[in-house]
Amino acid sequence: LLHVSMPPIKLVPGRGLSQRGLVSIARHCMPPSLAAHALETAADAIVHVCPAGTVKTWNRGAFETFGFTADQALGSSLTELVIPLDPKPQLDRRHLRRAPASRADGTLFTAEFTVLELTANAGAPDQGAVVTLRDASAMGETVRTLRRRVAQLESGMERLGGPARAP
């Protein structure tokens with residue numbers, strides 16, 4: 001029987017474990033080699049940035065999402081590398097956000113990202129943050145399609161003399 005003591009894990013409704021929960025599981029339950037393998041093979045882009053925003057780690061999901069190799073990304077500013085806006089938005093800590101992003105080939109897409117600040121123990125230097133990113137373009141298109149369809153159905157109901165919206 002193995003007993004592991006760890007902090008509570010927050011479940012995100014409709015999305016499973018939160019990023020903090022995954023990090024907690026990795027830290028408390030997985031051997032370091034397994035945790036490293038899980039992070040490297042994750043489908044999402046998982047990037048560690050130092051406090052100044054410089055990329056320190058770049059997983060396979062980041063390469064597949066953005067098209068930059070680890071050699072191209074390491075040492076670069078994450079916002080300069082993948083966010084085409086000027087001025088660059090601040091990455092809000094621990095909030096799910098969407099922002100325009102760009103791939104190595106210059107194509108633009110909507111990225112959804114979360115930022116997990118790596119807090120240090122008292123007296124230890126700041127460790128930066130882990131940023132998880134994914135392409136949210138398909139979800140955005142699905143939402144737009146559904147909104148158009150709802151508008152068409154409401155318009156059709158009005159033409160038939162029924163209520164445009166359900167009470």
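Attention here is on the structure that accompanies the text. Residue numbering note: each chain is counted from 1, following its sequence as written. Per-residue local features are limited, in this predicted model, to residues with pLDDT of at least 70; the limit for side-chain atom pairs, both in listing and counting, is 80 or more; totals at the level of whole chains, interfaces and linings are taken over all residues. Hydrogens are left out, water is left out, and the side-chain values use all remaining heavy atoms of the structure.

1. Some words on the overall build of the chain
Step number 1: Numbered from the N terminus, helices here are DSSP runs of H or I no shorter than four residues, and strands are runs of E no shorter than two. Within the chain, the regular secondary structure consists of six helices and seven strands.
Step number 2: The linear arrangement of helices and strands in the chain, starting from the amino end, is β-β-α-α-β-β-α-α-α-β-β-β-α.
Step number 3: Buried, partly exposed and exposed residues are distinguished by accessible area as a fraction of the type maximum, computed with a 1.4 Å probe on protein chains only: under 20%, between the cut-offs, and over 50%, respectively. Taking all 167 residues of the chain together, 26% fall into the buried category.
Step number 4: Throughout, a contact is declared for two residues whenever any of their heavy atoms are within 4.5 Å. Across the chain, every contact between residues at least 6 apart in sequence was considered, and the portion connecting residues at least 24 apart equals 33%.

2. Considering the sheet that holds strand E4 (residues 55–58)
Step number 1: The sheet built from five strands is open, its strands ordered E4-E3-E7-E6-E5 with antiparallel pairing. Because the sheet does not close on itself, it has two edges, and the strands there are E4 and strand E5 (97–102). For this sheet, the mean angle separating the axes of adjacent strands, direction not counted, is 35°.
Step number 2: Of the strand pairs in this sheet, E5 and strand E6 (residues 108–117) are connected by six bridges, and their pairing is antiparallel. Residue pairing in the sheet places Ala101 in a bridge with Phe109 of E6. In short, DSSP must find at least two bridges between two strands for them to pair. Geometry is summarised by axes, namely lines fitted to C-alpha atoms with helices restricted to the contacting stretch, and by angles between N-to-C directions that run from 0 to 180 degrees.

3. Some details on the environment of Glu117
Step number 1: Topologically, Glu117 is positioned in strand E6.
Step number 2: On the basis of relative accessible area, Glu117 is assigned to the partly exposed category, the value being 32%.
Step number 3: Residues Glu117 and Val131, spaced 14 residues apart in sequence, show a C-alpha to C-alpha distance of 8.5 Å.

Purely geometric numbers; function is a separate question.
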